[in-house]
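Descriptive analysis of the structure
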Amino acid sequence: ALLICFAGFLRSATVSLVGVTLAIHLAEAAFTTTQIGLLIGVGLAGSSAATLIVSLRGDSWGRRRVLVGLALLSAIGYLALAIVTTAAALVPLAFIGMLNGMGRDRGAASALDQAILPETVPDSRRTWALAWYNVTFDAGHAVGALAATAPTLLMRVTDLNSQAAHQLTFLACAAAMLMHRHVSRADAANRDLNNRRGIAGAAPYRSPQQTCHHSPCASVRPRQHRRRLLELGVDCVLVLPSIREFR
């Protein structure tokens, strides 16, 4: 439950930040009012389409895969916002990346989180878990709105102009979604195992706290952790060259 709440916090913070700064950045990049409205609308349409697809196919595809895929698509959207400067190229990428310009995260990942969350706690604590999820969600929106001052702060402490400061901020949002991907993978693995065993009619899934530390799965965990650390390092290597361009 804590990992789901943390993932929701990261996602809502980035959505809130982008919701505040998106129109400002696009206007400074010489986008017209019509183009800005079209881009925001197409991004929300992409989010709605993703929610519909997840509601129909999310369980059959596997919640872990879907969460990771949604995080990667969101990272692509933020990366495109940082490096693409033409409306013709940015509009389709906004749809694919589910670019959210309204400042509130109500997309497919949020719906999937709330479907998974009751499985992570006993029946008597489901209301508590959902309530705290919404608390962290709203806290993320508040932090993201405050973080929207980041471009202004960057301009004051560095020699960056407004456009470059906004681009660097969107790169940070992309990096946050890559982190969200690893959090989603760590949390959803157990949920998928539970789902598959339930379909097969096998015994109910037991959490790691209930499983003996001497089980065969225990020897696999260190390798999984090393693989996730390696993937996180690869993500950092991919993002750092883009960040250096704005120094």
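Residues numbered from 1 in each chain as written. Predicted model: local features only at pLDDT ≥ 70, side-chain atom pairs only at ≥ 80, totals over all residues. Heavy atoms only, no water.

Description of the overall build of the protein chain
Of regular secondary structure, the protein chain possesses 9 helices and 0 strands. Ordering the α and β elements of the protein chain from the N terminus gives α-α-α-α-α-α-α-α-α. Classification of the 247 residues of the protein chain by burial places 43% in the buried group. The contacts in the protein chain between residues at least 6 apart in sequence include a share of 80% that link residues at least 24 apart. When the accessible surface of the protein chain is totalled, it reaches about 13,000 Å², and 65% of it is carbon and sulfur. (Helix = DSSP H or I, 4+ residues; strand = E, 2+ residues; numbered from the N terminus. Buried < 20%, exposed > 50% of the residue type's maximum accessible area, 1.4 Å probe, protein only. Contact = heavy atoms within 4.5 Å. Areas by Shrake-Rupley, 256 points an atom, 1.4 Å probe, with all protein chains shown as cover.)

Section: the environment of V66
Residue position: V66 is located in helix α3 (residues 63–83). On the basis of relative accessible area, V66 is assigned to the buried category, the value being 9%. Sequence spacing of V66 and A109 is 43 residues, and the spatial spacing of their C-alpha atoms is 8.3 Å. Ignoring sequence-local partners within four residues, the contact set of V66 consists of V54, G58, W61 and L112.

Quick word on the nonpolar core
Counting residues in hydrophobic clusters, the biggest one holds 29 residues, and the most contacted among them are L26, F31, L39, Y78, L81 and L90. Counting only elements with at least two residues in this core, the list comes to α1 (2–28), α2 (33–61), α3, α4 (87–96) and α8 (162–200). Leaving out residues up to four positions away in the same chain, L39 has contacts with L22, L26, F31, L90, V91, A94 and L99. (Core = buried A, V, L, I, M, F, W, Y, C linked by side-chain atoms within 4.5 Å.)

With respect to the packing of aromatic side chains
On inspection of all chains with the given rule, the structure shows 2 aromatic pairs. Sitting over the face of the ring of W128, R125 holds its NZ or CZ atom 4.3 Å from the ring centroid. (Phe/Tyr/Trp six-rings, centres within 6.5 Å; stacked < 30°, edge-to-face > 60°. Lys NZ or Arg CZ within 6 Å of the ring centre and 35° of its normal.)

Topic: the pattern of salt bridges
One pass over the full model with this rule turns up 6 salt bridges. A salt bridge links D113 to R11; the nearest nitrogen and oxygen atoms lie 2.9 Å apart. You can see D113 sitting in helix α5 (residues 108–116) and its partner R11 sitting in helix α1, a full 102 residues away along the chain. Note on D113: relative accessible area 4%, which makes it buried. Classification of R11 by relative accessible area gives buried; the value is 5%. Three or more residues joined by partner-sharing salt bridges are found here, namely R11, D105 and D113. (Salt bridge = Lys/Arg side-chain N within 4 Å of Asp/Glu carboxyl O.)

Some words on a nonpolar patch on the surface
On the surface, a cluster of nonpolar side chains totalling about 310 Å² of accessible area is made up of L73, I76, F95 and I96. Put simply, the parts of the chain that give the nonpolar patch at least two residues each are α3 and α4. Judged by relative accessible area, which is 38%, F95 ranks as partly exposed. (Patch = residues over 30% accessible without salt bridge, like charges linked within 9 Å, V, L, I, M, F, W, Y side chains within 5 Å.)

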